[in-house]
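The residues making up each chain are set out below.
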Amino acid sequence: MLQKELLAPAGDINAGYAALYYGADAVYLGLQQFSARATATNFSPENLDEFTAFAHSLQRKVYVTINTLVQEAELPDLMKTLDVCSRCRVDAIILQDLGVVKIIKDVYPELELHASTQMAVHNKEGALALQKAGFSRVVLARELSLPEIEEIAALPGLETEAFIHGALCYSYSGLCLFSSLETGKSANRGKCLYPCRSLFDGEDGEKHYFSMKDMALQRDILKMPVTSLKIEGRKKTDLYVAAVTDYYRHILDGKGADAFREENIKQIFSRPWCHFHFNGKDKNVIDRDFVGHRGLLIGKAKESSNQVLKFVTNHLLERHDGIQIDVEGQEKPFGFALLKLKVKGKEVFEAKPGENVEIKMPPHAPKINAGADIYLASASAVKAYYKYEKPKPAEYKNRQQIDVKVSVWADKLMATACGVCFEVDGNFAKAQNPVKTTEAAQKAFAKTGDTVFELGKLNLENEQGLFVPASVFNELRRGLYAQIKLDHKQGILPQVPERKLPQQALWAIKTDCFETLQKIDLNEVAEIIFLLGKDTKVTDLSHLPKEKVRLALPCVCRKTSVFEKKIADFVQAGYQKWEIANYWGLEALRPYCVDVRFDSPIYVMNSQATVMAKDLGATSVTLSLEDTMDNLKFVAKKSCLPVVFPVYTDVPLFTSAACIRSNPCSVCRAEEKWMTLEKNGKKYQVLSRDCQTMLFFEAPLCHTREAKDIAADVYRVDFVYKKYSAEAAAALWKKCRNFDDIDGAESGNINRRKAMF
């Protein structure tokens, strides 16, 4: 059985060195652009070159995350970034954007493709589709259970990577538009502001309904059949990376998940831990009462008065350690540095486990109730524990091999390499031992110093067996190497085939409810897109004009067997037009020769992505719901495929496998339930159905006013998820067709400045 790869994060070069020192087999990191952790320090090109060279000297791997969506105007910068990755010999690119896929396949075939978790691979079919698209590895959705992971990992010839520790998103990664549409800071662009962790007012009062605990699979990683075990944390410190990497290295090496290392991690940074859905559906994955770093639980408050708190500590406690305390009614624990510590009435530097301690709290401290949890949130002893070594600056660099030819004559030497030559005049006599001349040349030209190349083959032509002093060979080497200028790869963007732009856009309706269409004149509708449910039958659509119907598959489908026969039945009945919102749909429809459109969750934000979509079999694409106006115009004009622009839709702000309901799973029928939440005076609608949670703005997203300026082939009006009466749908349809604004509608990013997005 192959050894599992332990993959650690690095938000900067020091975190990378810490990861390698404590046993990571591979490190993933981001550069200054196109990283889904844009607010991390990230790596400069010089850092990347130095770090990859060092990692490779240890036989470790380096993966670069170019896992954001790329807009059209950013493609030249993307090429520069990929040039750097190629030059630095990174082992793979972790990516989301189809345009990045296309460019790497055409221009940088030496770079291996890893599918980011942002691509929301959550079933075997999705993994297969990406494997056939050229990916050597897929990063699985965090939501999967062990049996689901095992099924995907069993696919021959495909590497799999799964998260084992760190922060969790409430949404499937890649399917969250909450931060983007509310604040203009997109998670798909690496700028998420985490509005999901906010306090909402709902049916259970004011709670953090979407604030996830941290994942910590601990010993369960030994059950996982994946290629790579991934630690989350590119925004964490080198101390955190060292501690977590060390913890899981010990588990993988058979040394166990010892409590000491676990406690260290919790003191550095930790929300409460959970296994998410690894062992099956679990509702205990949300921390509704508090957010942020908690720490290691070390005791419960006995009493407090005059800013003095008394408790029994179960852990070593030192002066200057950081303390946090849960305070009822506050969403974050109260924290402070421990400046005074007493045991038995005497001031001490440290208190041992089991001792009754008194600690002095700051003047502004809130009232601490008896029984409140007390946490050690920062410990000097832990900070001192994780030392690591790193190379001297610029000690390592990626070098390019060059072959050198040296010719020796009685009156001169000549060296040639990389198309340049250099000569040294002299007077060279017969050598007593010609072998030593060869050795001297080899030794001299092997000295490449601060250059970016190293000696490959040395071809010495010395037919007369002449003697050349080492000093002359060194002079020849210096002169030659000074003239060599190695060309860095500069990729050229592939050409995008042009399409004939539409003279006039057609209009389409998307719905999941037949009653919605009853008051709409279907003669005005070029296409009816119907979102299939698990119970939809062929006969249900018999009253609709078949030539106008396009069938949509759901974005998330954990049990594709539900749709296998359904797809076959509809195709056999003559339904040839389909829409997919996730890559699993490609594989599900592969047996049939049908028309496949990509919906907006398969993101298209640049013209290269439209070419890759075409290569994958798409006949049309849907523009992104979170894009900006200038880029929408760009993509619509430059796309090689027909484009669809949704002008009215109730957009899912996220789709989640975490349940918002308070009731136990054992008594839940998983039927449709709508709830209202409120945050800072703004209302949201939550749909809970079939163990899935979706969040919506109270108002729809509407771009009718801007639609005429976008060269779309199809304008789409959606009546999906929320319930619309036939009368309301007909009225909205008429307004959209007239390009009228919808009062109170959300506008998203379409009119926001690009800099925000």
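The shown structure was predicted, so the numbers you read here are calculated from the model rather than taken from an experiment.

Reading the values: the criteria
Residues numbered from 1 in each chain as written. Predicted model: local features only at pLDDT ≥ 70, side-chain atom pairs only at ≥ 80, totals over all residues. Heavy atoms only, no water. Helix = DSSP H or I, 4+ residues; strand = E, 2+ residues; numbered from the N terminus. Buried < 20%, exposed > 50% of the residue type's maximum accessible area, 1.4 Å probe, protein only. Areas by Shrake-Rupley, 256 points an atom, 1.4 Å probe, with all protein chains shown as cover. Lys, Arg positive; Asp, Glu negative; His and termini not counted. Charge placed at Lys NZ, Arg CZ, Asp CG, Glu CD. Arc of directions from axis to C-beta. Contact = heavy atoms within 4.5 Å. 1 Å grid on protein atoms, 1.4 Å probe; cavity = no way out; pocket = protein on both sides within 12 Å on 5 of 7 lines; lining within 4 Å. Points joined across faces, edges and corners; volume = space filled by probe spheres on them. Nonpolar A, V, L, I, M, F, W, Y, C, P; charged D, E, K, R; others polar. Axes fitted to C-alpha atoms, helices over the stretch in contact; angles between N-to-C directions. Parallel < 35°, antiparallel > 145°, perpendicular 65-115°, else oblique. Left-handed = near helix turned anticlockwise from the far one by under 90°. Pairing = 2+ DSSP bridges. Phe/Tyr/Trp six-rings, centres within 6.5 Å; stacked < 30°, edge-to-face > 60°. Lys NZ or Arg CZ within 6 Å of the ring centre and 35° of its normal. Expected span 1.5 Å × (residues − 1). Patch = residues over 30% accessible without salt bridge, like charges linked within 9 Å, V, L, I, M, F, W, Y side chains within 5 Å. Salt bridge = Lys/Arg side-chain N within 4 Å of Asp/Glu carboxyl O. Core = buried A, V, L, I, M, F, W, Y, C linked by side-chain atoms within 4.5 Å.

With that out of the way, let us pick up the overall build of the protein chain. Counting its regular elements, the protein chain contains 18 helices and 40 strands. Here the C-alpha coordinates of the protein chain stretch approximately 105 × 85 × 50 Å along the principal axes. Going through the 757 residues of the protein chain one by one, you find that 58% of them count as buried. For the protein chain, the exposed area adds up to about 31,800 Å²; of that, 49% sits on carbon and sulfur atoms. The distance from the centre of the 101 positive side-chain charges to the centre of the 97 negative ones in the protein chain is 2 Å.

Let us look at helix α6 (residues 146-153). Every buried residue belonging to α6 is among Leu146, Glu148, Ile149, Ile152 and Ala153, and all of these are buried. In a view along the axis of α6, the buried residues occupy a sector of 160°, so they form one face of it. Residues of α6 that are buried sit in contact with α5 (124-132) and β7 (159-166).

Let us look at the layout of surface pockets. Estimates place the volume of the second largest pocket at around 850 Å³. What lines the second largest pocket is a set of 40 residues, and nearest its centre among them are Arg37, Cys169, Tyr194, Glu232 and Lys235. Residue composition of the lining of the second largest pocket, grouped by class: 18 nonpolar, 12 polar and 10 charged.

As a packed pair, helix α8 (residues 238-252) and helix α9 (residues 259-268) sit with axes 9 Å apart at the nearest point and diverge in direction by 155°. Classified by the angle between their axes, α8 and α9 sit roughly antiparallel to one another. In this structure, α8 meets α9 at a crossing whose hand is left-handed. Together, Leu239, Tyr240, Ala243, Val244, Asp246, Tyr247 and His250 of α8 and Arg261, Glu262, Ile265 and Ile268 of α9 make up the contact between the two elements. In terms of residue class, the contact of α8 with α9 is built from seven nonpolar, one polar and three charged.

As a further point, take the packing of helix α3 (residues 75-87) against helix α4 (residues 98-107). The contact between α3 and α4 brings their axes to 12 Å, and the two run at 50°. One finds that α3 runs oblique with respect to α4. Read as a crossing pair, α3 and α4 show a hand that is right-handed. Facing Leu75, Leu78, Met79 and Leu82 of α3, the residues of α4 in contact are Val100, Ile103, Ile104 and Val107. Classifying every residue of the contact of α3 with α4 by side-chain character gives eight nonpolar, no polar and no charged.

Ordered by their spatial adjacency, four strands build an open sheet running β26-β25-β24-β27, and the pairing between neighbours is mixed. For this open sheet the edge positions go to β26 (420-425) and β27 (453-461), each flanked by a neighbour on one side alone. Neighbour-to-neighbour, the strand axes of the sheet open up by a mean angle of 20°, direction not taken into account. Running over the sheet, helix α11 (residues 434-445) touches β24 (400-408), β25 (412-417) and β27 and is turned about 160° from β27. Docked against the sheet, helix α12 (residues 470-483) engages β24, β25, β26 and β27, running at close to 150° with respect to β26.

Here we come to the packing of aromatic side chains. All told, the structure shown has 34 aromatic pairs when counted by the stated rule. Measuring from ring centre to ring centre gives 5.5 Å for phenylalanine 334 and phenylalanine 336, while their planes differ by 35°; the resulting arrangement is tilted. Each member of the pair, phenylalanine 334 as well as phenylalanine 336, is classed as buried. Taken together, the aromatic side chains of Tyr170, Phe178, Phe200, Phe210, Phe654, Tyr684 and Phe697 make up a single cluster linked through ring pairs. Its end group placed over the ring of tyrosine 240, lysine 236 keeps NZ or CZ at 5.2 Å from the ring centre. One Lys or Arg, lysine 412, reaches over the ring of tryptophan 409 and ends 5.4 Å from the middle of that ring.

For the rest of this paragraph, the subject is unusual backbone geometry. A positive phi is found at alanine 120, a non-glycine position, where the angle reads about 55°. By the element assignment, alanine 120 lies in the loop between β5 (113-115) and α5. The backbone phi angle of phenylalanine 276 is positive, close to 50°, even though this residue is not glycine. Positionally, phenylalanine 276 belongs in the loop between β12 (273-274) and β13 (296-300).

Between the first and last C-alpha of α12 there are 20 Å, a value that for 14 residues agrees with the 20 Å anticipated at 1.5 Å per step. All of the buried residues along α12 are Val472, Phe473, Asn474, Leu476, Arg477, Gly479, Leu480 and Tyr481. Contacts from the buried residues of α12 go to β24, β25, β26, α11 and β27.

It is worth spelling out a negative patch on the surface at this point. Among the surface-exposed residues, Asp201, Glu206, Glu331, Glu678 and Glu698 lie close enough to one another that they form a single negatively charged patch. Classification of aspartate 201 by relative accessible area gives partly exposed; the value is 37%.

A few words on the pairing of strand β37 (residues 682-689). Bridge analysis of strand β36 (residues 673-679) against β37 gives seven bridges, and the strand direction is antiparallel. Note on β37: the bridge partner recorded for glutamate 678 is lysine 683. What sits between β36 and β37 in their antiparallel hairpin is a turn of two residues, with asparagine 680 showing a positive phi close to 50°. The pairing of β37 with strand β38 (residues 692-697) spans six bridges and is antiparallel. When the bridges of β38 are listed, valine 686 appears paired with leucine 695. Hairpin connection of β37 to β38: two residues between the antiparallel strands, including aspartate 690 at a positive phi of 55°.

Our next topic: the pattern of salt bridges. Under the counting rule described, the total for this entry stands at 49 salt bridges. Put simply, lysine 124 and glutamate 151 hold a salt bridge, and the shortest N to O gap is 3.9 Å. Remark: glutamate 151 occurs in helix α6 and lysine 124 occurs in helix α5; sequence separation between them is 27 residues. Since its relative accessible area comes to 27%, lysine 124 is described here as partly exposed. Close ionic contact of arginine 558 with glutamate 148 constitutes a salt bridge, the shortest N to O distance being 2.8 Å. Of the two residues, arginine 558 is situated in the loop between β30 (549-552) and α13 (561-572) and glutamate 148 in helix α6; the sequence distance between them amounts to 410 residues.

Strand pairing in a sheet is mediated by backbone hydrogen bonds. Such pairs are either parallel or antiparallel. Ordered by their spatial adjacency, five strands build an open sheet running β14-β15-β22-β19-β20, and the pairing between neighbours is antiparallel. At either margin of the open sheet sits one strand with a lone partner, and together these are β14 (303-305) and β20 (346-347). Bridging between strand β15 (residues 308-312) and strand β22 (residues 356-360) involves five bridges; their strand directions are antiparallel. Looking across to β22, one finds that leucine 309 is bridged to isoleucine 359.

So, on to the nonpolar core. Membership of the largest hydrophobic core comes to 223 residues, with the highest contact counts inside it found for Phe210, Met224, Tyr248, Trp578, Phe598, Phe645 and Tyr648. Per element, the largest residue contribution to this core is nine residues, and it comes from α8. If sequence neighbours within four positions are ignored, phenylalanine 210 has contacts with Tyr170, Cys196, Phe200, Ile286, Phe654, Ile660, Leu677, Val686 and Leu695. Listed in part, the 26 residues of the second largest apolar core include Val406, Val472, Phe473 and Leu486.

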